[in-house]
Protein chains: 2
Amino acid sequence: MTTPEAREETVLEAVRKRRELVNEAIPESLPVQQPERLYEASRYLLDAGGKRLRPTILLTVAEALADVDTLTEDYHAFPTLTGSDANGSPPNGSTAEEIDIMDAAVSVEVIQSFTLIHDDIMDDDDLRRGVPAVHREYDLETAILAGDTLYSKAFEIMLEAGADPDRAVDALDVLATTCTKICEGQALDVTFEEREDVTPEEYLKMVEQKTAVLYAAAACLPAILMGADDETIDALYGYGLDIGRAFQIQDDVLDLTVPSEKLGKQRGSDLVENKQTLITVHAREQGVTIEDLIDTTDVDAVTEAEIDDAVARLEEVGSISYANETARELVEQGKARLEVVPDNEARELLFELADYLIERGY
Amino acid sequence: MTTPEAREETVLEAVRKRRELVNEAIPESLPVQQPERLYEASRYLLDAGGKRLRPTILLTVAEALADVDTLTEDYHAFPTLTGSDANGSPPNGSTAEEIDIMDAAVSVEVIQSFTLIHDDIMDDDDLRRGVPAVHREYDLETAILAGDTLYSKAFEIMLEAGADPDRAVDALDVLATTCTKICEGQALDVTFEEREDVTPEEYLKMVEQKTAVLYAAAACLPAILMGADDETIDALYGYGLDIGRAFQIQDDVLDLTVPSEKLGKQRGSDLVENKQTLITVHAREQGVTIEDLIDTTDVDAVTEAEIDDAVARLEEVGSISYANETARELVEQGKARLEVVPDNEARELLFELADYLIERGY
């Protein structure tokens, strides 16, 4: 068995190599052009960093499907499944034997960046990735416009992948419905703030829409663009949905369990800000509400000791274990879906990426 | 010759009939679903009215290209140009003999509505179409999300038109690049606020990006979706670009020349708010600046008499005639481009629509 530490090392190395290539591709797909301030603002968060988990998943799925050794192919001229039928000739109507799969990866990261810029305005957050949010570094107007620009650019960049028109249409459909669902999830999250009776099921549904659909899109888009069958596309979509939800649950757990200095923000900030998470939603069902644990009316007065006590109480009623178990179940469910994918090194990495999402320390 | 009054009557009747059909189609393409507040906010401006000029142009171009009598075809099952080749059989790879051209019309109106919602936030405007702006009626968060939702919905709705994949891909490409250009135009407009040396050419380029490209998209999208040749697509794009610019220039003229009560807002508001228009940009080249005409430091103190004097001065230096002539030239240039379209009743209406844009009284 691989230890979590060894696995984390493998995954981080795989992510790092792909991240470097994604980082090279972003300025090529999204050069700073006129009007400069708009494009600088659009690039600001993208250039500030990020793990590039979604594009990494996308590129790794592509490698698994093409059944090639990892990192050996040129992502800008990546083999499709077009020529892979029995007689070796392209099926009727299919002409693109190579596509720029990196464009698809960048497109998904650009969508992610657009949602972060607009989310930060909506939540009035000051910081993101250790730098000021775009509406703080620039201004509200520029931040709205930068997000809007990335939105349409993501569609343009996805089209540049050069897939067959029928596949490109399906890919753009997934991209558009994904964006719609992200907006719906964000709106749902807002309505939750005023509700005291959100169930774990409702919370998970919201997370599915707000966060997991973009993982699902990242996982299934290479299958669509490369011409995989519907069973494979659906399975990969499910894999992304499962690990995307697990990712968010793990984020909620880490917020409570990782020391502030390692987390890069106040530990327990979700509790202090009275945000609902799978943990707090579960706790309330056990009769424990945040207000009982922490005085959320005076955010600045909350002490580290109070947070310790709150976490202990959440552990006591089983809410943190419940979150950990739910995330683990989702990851196992997601991994099981990868049966339809060829058994190779890239698929192994997709398993490890799934495990990493809930084993990562921060 | 048709008198302007008779023409306005014809055009208004044609617009009214198509508007009614567009108004029926909007709730079908964009039903209020969960989360309800989000979709209500997304529909708020669409339901508040609007002339529906862009969808009207789109539908009329479709009628002209299909060479059918106006308003006789079902827009939801509209003939393409697929079966129109010599031997009557569909060209290789083309299968959609009918498309839902109304979806394309709604898509363009949805994009327009998204830009208005975000523009009103950026300009912090309180009113739109006689009702509160979305961020006033709802809140900033909901308004940003409503715009974002309409953005992706426009792509989904365009895909529902059911065109052949290669045409659908081209249509989505036009939609995406149009949105990018609108953002660029808006950003350019913002930079103009701080500049004292904008030339008429620069101003027209900004208007092209901010406003005219959506007219261009509306005019060329039916040609793309129906399978017209590149020459026709390009000509229609140019028609839209020309009349879209003329439309904006006429808006600038009307702001100065139409009494406040008819305009529905303060006459001369552009001058009072120190906004650049083709008129003010031209005037400055003649040595007349807004600051010489009106005290823009105290907006509330500006009298009707001051505006009268300012308009008289702008007439004196020829800036209003210059704007009128420029708009007229653009309309004539746009109309000339329609040569490639079959000579029929719908094309006649496209001529009249172009004239109407600069002859309308408000």
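Residues numbered from 1 in each chain as written. Chains lettered and ligands numbered in written order. Predicted model: local features only at pLDDT ≥ 70, side-chain atom pairs only at ≥ 80, totals over all residues. Heavy atoms only, no water.

Caption draft 1: Structural context of the overall build of chain A. For chain A, the count of helices and strands is 16 helices and four strands. For chain A, the C-alpha atoms occupy an extent of roughly 70 × 50 × 35 Å along the three principal directions. Per-residue burial over chain A gives 58% buried out of 362 residues. Of all intrachain contacts in chain A linking residues separated by at least 6 positions in sequence, the fraction that spans at least 24 positions is 72%. When the accessible surface of chain A is summed, it comes to about 14,400 Å², and 45% of that surface belongs to carbon and sulfur atoms. Side chains of chain A give 31 positive and 79 negative charges; the mean places of these two sets differ by 2 Å. (Helix = DSSP H or I, 4+ residues; strand = E, 2+ residues; numbered from the N terminus. Buried < 20%, exposed > 50% of the residue type's maximum accessible area, 1.4 Å probe, protein only. Contact = heavy atoms within 4.5 Å. Areas by Shrake-Rupley, 256 points an atom, 1.4 Å probe, with all protein chains shown as cover. Lys, Arg positive; Asp, Glu negative; His and termini not counted. Charge placed at Lys NZ, Arg CZ, Asp CG, Glu CD.)

Caption draft 2: Seen up close, the side chain of R267 of chain A. All names here are of chain A. In this fold, R267 is placed in the loop between helix 10 (260–263) and helix 11 (269–272). A polar contact is formed between the side chain of R267 and the backbone oxygen of L256, at a distance of 3.0 Å. Those residues in contact with R267 that lie beyond four places of it in its chain are D255, L256, T257, V258, P259, S260, E304, I307, D308 and V311. (Polar contact = N/O pair within 3.5 Å; in protein donor to acceptor, adjacent residues only side chain to side chain.)

Caption draft 3: Molecular detail of the environment of C179 of chain B. Here C179 of chain B is to be found in helix 7 (residues 165–192). A sequence separation of 67 residues divides C179 of chain B from Q112 of chain B, and the C-alpha atoms of the two residues are 9.6 Å apart. The residues contacting C179 of chain B, other than those within four sequence positions of it, are S152 of chain A together with I111 and Y151 of chain B.

Caption draft 4: Structural detail: the nonpolar core. Ranked by size, the top nonpolar core spans 257 residues in total, and within it I101 of chain A together with I101 of chain B carry the most contacts. Excluding residues that lie within four positions of it along the chain, I101 of chain A makes contacts with L58, L59, A62, Y75, F78, P222 and L225 of chain A. (Core = buried A, V, L, I, M, F, W, Y, C linked by side-chain atoms within 4.5 Å.)

Caption draft 5: Just helix 3 (residues 53–66) of chain A, in detail. All names here are of chain A. Look at helix 3: 20 Å from first C-alpha to last across 14 residues, which is about the 20 Å you get at 1.5 Å a residue. Across the 14 residues that make up helix 3, a large majority, 14, are buried. Downstream of helix 3 by one or two residues, D67 has phi in the positive range, about 55°. (Expected span 1.5 Å × (residues − 1).)

Caption draft 6: Expanded view of unusual backbone geometry. Across the junction of Q34 of chain A and P35 of chain A, the peptide omega takes the value -10°, indicating a cis bond. Backbone geometry at D67 of chain A places phi at a positive 55°, although glycine is not the residue there. In this structure, D67 of chain A sits in the loop between helix 3 and strand 1 (78–79). Residue class for D67 of chain A comes out partly exposed when judged on its relative accessible area of 48%. Positive phi, close to 50°, is recorded for D124 of chain B, a residue that is not glycine.

Caption draft 7: How the structure looks around the packing of aromatic side chains. Going through the model one piece at a time under the given rule, you end up with twelve aromatic pairs over all chains. The interplanar angle of 45° and the centroid separation of 5.3 Å between the aromatic rings of Y215 of chain B and F247 of chain B together place this pair among those described as tilted. Placement of the pair is Y215 of chain B in helix 8 (residues 200–226) and F247 of chain B in helix 9 (residues 230–257), with a sequence separation of 32 residues. Per residue, the accessibility class of Y215 of chain B equals that of F247 of chain B, and both read buried. One aromatic cluster in this structure is built from F114, Y151 and F155 of chain A together with F114, Y151 and F155 of chain B. A cation over an aromatic ring shows up here: R54 of chain A above the ring of F247 of chain A, its NZ or CZ 6.0 Å from the ring centre. (Phe/Tyr/Trp six-rings, centres within 6.5 Å; stacked < 30°, edge-to-face > 60°. Lys NZ or Arg CZ within 6 Å of the ring centre and 35° of its normal.)

Caption draft 8: Structural view of the relation of the copies chain B and chain A. Rotating chain B by 180° about the axis while translating it 0.0 Å along that axis superimposes it on chain A, leaving an RMSD of 0.0 Å. Such a combination of rotation and displacement between the chain copies is what one expects of a two-fold axis. Minimal C-alpha separation from the rotation axis in chain B is found for P165 of chain B, amounting to 2.6 Å. An overlap of 100% is found between the interface residues of chain B and their copies at the interface of chain A, pointing to a shared contact surface. (Least-squares fit on C-alpha atoms with pLDDT ≥ 70 in both.)

Caption draft 9: Region of interest: the pattern of salt bridges. For the coordinates displayed, the defined rule picks out 60 salt bridges over all chains. A salt bridge links D164 of chain B to R167 of chain B; the shortest N-O distance between them is 4.0 Å. Classification of D164 of chain B as buried rests on a relative accessible area of 1%. E332 of chain B is the partner of K335 of chain B in a salt bridge, and the nearest nitrogen-oxygen pair spans 3.5 Å. Pair noted here: K335 of chain B and E332 of chain B are both in helix 15 (residues 319–336), with a separation of three residues, about one helical turn. Here the salt bridges share partners, and the residues they tie into one network are K205, E208, D242, R245 and R337 of chain A. (Salt bridge = Lys/Arg side-chain N within 4 Å of Asp/Glu carboxyl O.)

Taken by themselves, the reported measurements are silent on function.
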